[in-house]
Amino acid sequence: MINHSNENTLLDDANSYDVNKELMGKISSDFVKVADQLKEASYQIRKRGFSDYPVFVASRRDVPMGQLLIAADELGNHWNYKASFVDEFTQRELIGPESLDLWKENYKTPDEYCCLFIVHGDFAGFVYIPFPED
């Protein structure tokens, strides 16, 4: 469990330092297949007032977080993508109350970047991937 997500957001690129290049490659190659849908979902979450901080949970196995948005193999992707937002992470104490302001400060512009919470093996952390340019 991540009690202080700021441990993962202090880096210049705001990506978890535990993410290795192999995992980033797998995530990135899968992400391009679902990027348009995630970008639209991010826009709708913000537009409808659910949250200013959408987060998409990406995993290969079922995790009890968020609402399923894109199932594995639905669009040629290998990962499941669930829609969530920062409130769920604070409620589940994955982001501690003392870390929330820092987490929000490091949250990247949601029109340009997708905030993914990656769950893979024993790794769980936030990763920001830029949406492809139109």
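J.: In this structure, what is going on with the nonpolar core? I would like to understand it.
T.: Looking at soluble globular proteins, one finds that nonpolar side chains tend to be buried together. Ranked by size, the top nonpolar core spans 21 residues in total, and within it F31, L38, F56, Y81, L116 and I118 carry the most contacts. Broken down by secondary-structure element, the contributors of at least two residues to this core are α2 (21–47), β1 (54–59), β3 (80–85), β4 (113–120) and β5 (123–130). In terms of residues, this core owes the most to one element, α2, which gives eight residues. Sequence-distant contacts of Y81, defined by excluding residues within four places in its chain, comprise I27, D30, F31, V34, L38, V57, A58, Q67, L68, L69, I70 and L116.

J.: How do you make sense of the pattern of salt bridges when you look at a structure like this?
T.: Note on pairing: side chains with opposite charge can pair once their charged atoms come close. If you walk through the whole model with that rule in mind, you get three salt bridges. Between E88 and R92 there is a salt bridge, with its nearest N and O atoms 3.0 Å apart. A relative accessible area of 16% means that E88 is categorised as buried.

Basis of the calculations
Residues numbered from 1 in each chain as written. Predicted model: local features only at pLDDT ≥ 70, side-chain atom pairs only at ≥ 80, totals over all residues. Heavy atoms only, no water. Core = buried A, V, L, I, M, F, W, Y, C linked by side-chain atoms within 4.5 Å. Buried < 20%, exposed > 50% of the residue type's maximum accessible area, 1.4 Å probe, protein only. Helix = DSSP H or I, 4+ residues; strand = E, 2+ residues; numbered from the N terminus. Contact = heavy atoms within 4.5 Å. Salt bridge = Lys/Arg side-chain N within 4 Å of Asp/Glu carboxyl O.

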